[in-house]
Amino acid sequence: MSKLFSAKIQGRGVFGVLRCAMVFCLLFTAAASAIDRQSDKRIQKVRRVPAVGAQDIMAQQPQPATLAKSVAKFGPGLPLIESTYDFMTNNAMGRHLHNYGGGILAVARTASQGAIGTWADRGTFFAYNDGNGFLLPMTKVESARRGWGNLSATADGRSVIVSHGGLEVNVDALQGLGIWTASLTGNFPTGSDLTWPRIVVDGKDYFHVVVTHFSFDPFPGLGGGQYPVYGRSTDGGLNWEFRFMFQKAGAAPGDPPDTTGGLWIGGGDADAYAIDAWGDKVGIAAFCAYDAGFNSNEILFAESSDNGATWTWSNITSVGRGVPPADGDFRPNGHLDLIYDREGIPHIVFENFLVLPDSAGTAPESFLYTQSPLLHWSPTTGVTYVASRADLPDAEQNRLPGSQLWGRGLGSGLYWPSLGVDESNVLYVAFSAPTAGDVDPDSVNYLDIYATASADGGATWGSPAVNLTASPGTEDKYVSVAKLVDDSLRFVYNSDDVNGGTVQPGNQTTPTMMMYYTFSAADIPKINTAVRDRDPMAGLPADYALAQNFPNPFNPTTVISFSLPASVKVKLEVFNALGQKVATLVNHKLPAGSHTATWNAASMPSGIYFYKLEAGSFSQTRKMVLAK
């Protein structure tokens, strides 16, 4: 493909002066800072969080009075900053935590301590942990109002932070020093607003960003307006070169994405992009839409093997424009993350929505549904199943009561995946999900942070997923995992005792606490225990079975029980005496065990009905009678 356009945009005029002046004072500043870190009473010792259970370590360590503000309750871990800005209800979070190893960490996350609804000081807040504890309070990186801060690091450990609002890039003078050199990349094309950026530093210390083109539609004939822009700096952020991504071969930098087959005509999903690097490789994952309705979405993957000079890309889901969904299809949703493993293989985990029949049971209808899974893709495995709500702890013992609402209708029921990888090439994914039985006064389920792992390159994933935060009465969300997983999965997240929350003025009424937490990597499941343990003596069924409904006859509800000896995709449907399908009760993967489904036939006439179970190669049909 064509080489990058060399439209170089200079940084601020004072950049060079500041850089020269800094050379004379760095040694003195670093020495003074090191002495200060040893004596500063603000350094908080971060104790290792217990591997079993999610205990609040706040009672075990002294806390600065500045953190004791108006968040009445929050989840486990170390509070980093109380923010009046609830961060975002947008999509995947990107990187906010960098793990250098040996307990040395850097964290950068968007926050504000100004008035709710105005957030005049909104920006990226930064803290460093030299292995002894975080230096708190967190300090703001940018001088102006900024948002959506994302973090990477150079080979010598200097933090690199990108934020939107002029697309500003800040580079630390030394690892953990907190003296920032800022440059504005400018916008591409001129007059646009590059928004929701992600950043990564590759093996040559080149900076790479993927960002949404916003504010106006540069290609009005396409009918989209939000397209991915890629930027690269080969000189530490001084100069930048940009182009639109996912173009046709030979396209100029300002040409639109490739719209062959209707791709991108529906635009992108604002911030549904992810970026990572491994050596000379750089990868970008993106969610995009066709112009044929919400059920036609794709996940695309672009890769460069020469540090961003040239690119190739592919469609990894290949749903197709306007393809009618079949009953039980999964279609991509906007939330995703991307990571390269220790062998340089890319992995993408993304949300989905489930296609189910319409209310009449005669045609498929697409909508976000809580049983939709997280799916994984790599070039070696293709698309594989990660987890759904059925893989949460005690999924069958804590079945969803009809009176409960799982979350705020934000998507699949498993939200905002964030990936990490350890030295043994085990993959980890953390995500938010609603916890059964943990509801607010409006009967809306609170969210916790869960995780699962794969020891075979993403082909299979552990089940049941483990609840990392397990904090009743708090909404734990927006998780961002450190890419390097050592003995612990290390992550930051938001937590408060108010369900929902949004960044939009007039909706957010309370602040949130930004937390740092660790969880033993050894205690995150890497195999599916439901598939491994098929011993009937262990309490799992030996065979597939479909029981007679109870009660029978019934009016208007009845319960259907069935058993699965292994984790498998299940379809349970109801038909009338003419053979017409009138209801789909189950259409998703379930773990091994005993299950029940309830059918409410209040809208159906009296008569004979049949219910059919399909699970793998097993199929069985039984008769029931509705007597009103």
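For the structure itself, consult the block above.
The shown structure was predicted, so the numbers you read here are calculated from the model rather than taken from an experiment.

Cut-offs applied
- Residues numbered from 1 in each chain as written.
- Predicted model: local features only at pLDDT ≥ 70, side-chain atom pairs only at ≥ 80, totals over all residues.
- Heavy atoms only, no water.
- Buried < 20%, exposed > 50% of the residue type's maximum accessible area, 1.4 Å probe, protein only.
- Helix = DSSP H or I, 4+ residues; strand = E, 2+ residues; numbered from the N terminus.
- Pairing = 2+ DSSP bridges.
- Polar contact = N/O pair within 3.5 Å; in protein donor to acceptor, adjacent residues only side chain to side chain.
- Axes fitted to C-alpha atoms, helices over the stretch in contact; angles between N-to-C directions.
- Phe/Tyr/Trp six-rings, centres within 6.5 Å; stacked < 30°, edge-to-face > 60°.

Caption draft 1: Focus on the pairing of strand β14 (residues 227-233). A large share of β14 lies buried, amounting to seven of its seven residues. With burial as the criterion, each face of β14 is covered, one bearing Tyr227, Val229, Gly231 and Ser233 and the other bearing Pro228, Tyr230 and Arg232. By the bridge criterion, seven bridges tie strand β13 (residues 207-214) to β14 in an arrangement that is antiparallel. Paired with Phe207 across the strands is Ser233, a residue of β14.

Caption draft 2: Expanded view of the environment of Arg490. One can find Arg490 in strand β31 (residues 488-496). On the basis of relative accessibility, which here comes to 5%, the residue Arg490 falls in the buried class. Taking C-alpha positions, Arg490 is 8.1 Å from Leu97, a pair spaced 393 residues apart along the chain. A distance of 3.3 Å separates polar atoms of two side chains, one belonging to Arg490 and the other to Asp486. Reaching out from Arg490, the side chain makes a polar contact with the side chain of Tyr516 at a distance of 2.9 Å.

Caption draft 3: View of the sheet that holds strand β32 (residues 512-520). Within the open sheet, the four strands sit side by side as β2-β32-β31-β29. Their pairing is antiparallel. The two strands at the open ends of the sheet, each matched to only one other strand, are β2 (78-83) and β29 (475-481). The mean inter-strand angle of the sheet, taken between neighbouring strand axes irrespective of direction, is 30°. Taken together, the five bridges between β2 and β32 define a ladder with antiparallel strand orientation. Residue pairing in the sheet places Ile81 in a bridge with Met514 of β32.

Caption draft 4: Here's a closer look at the environment of His213. Mapping His213 onto the fold places it in strand β13. You can call His213 buried: its relative accessible area is 0%. Distance in space between the C-alpha atoms of His213 and Phe244 is 8.8 Å, their sequence separation being 31 residues.

Caption draft 5: Expanded view of the pairing of β31. β31 sits mainly inside the fold: nine of its nine residues count as buried. Both faces of β31 are covered, namely the face carrying Ser488, Arg490, Val492, Asn494 and Asp496 and the face carrying Leu489, Phe491, Tyr493 and Ser495. Here five bridges tie β29 to β31, and the two strands are oriented antiparallel to one another. Of the residues in β31, the one forming a bridge with Val481 is Phe491. Of the pairings in the sheet, the one linking β31 to β32 comprises eight bridges and is antiparallel in character. Directly across from Asn494, in β32, lies its bridge partner Met514.

Caption draft 6: Up close: the sheet that holds strand β30 (residues 484-485). Taking strand neighbours across the sheet as the criterion, the five strands line up as β28-β27-β26-β25-β30 in an open arrangement whose pairing is mixed. With partners counted over all chains shown, the strands left at the sheet margins are β28 (466-467) and β30, one partner each. Alignment of strand β26 (residues 427-439) against strand β27 (residues 445-454), held across nine bridges, turns out to be antiparallel. Following the sheet pairing, Phe431 is matched in β27 by Tyr450.

Caption draft 7: Broad picture of the packing of aromatic side chains. Applying the stated criterion across every chain yields a total of 20 aromatic pairs. Plain terms: the ring middles of Tyr100 and Tyr128 are 6.3 Å apart, the flat faces sit at 70° to each other, and that makes the pair edge-to-face. Pair noted here: Tyr100 is in strand β3 (residues 97-101) and Tyr128 is in strand β5 (residues 123-130), with a separation of 28 residues, a long-range link. A network of ring pairs unites the aromatic residues Phe188, Trp240, Phe242 and Phe244 as a single cluster.

Coordinates in, geometry out; function isn't part of it.
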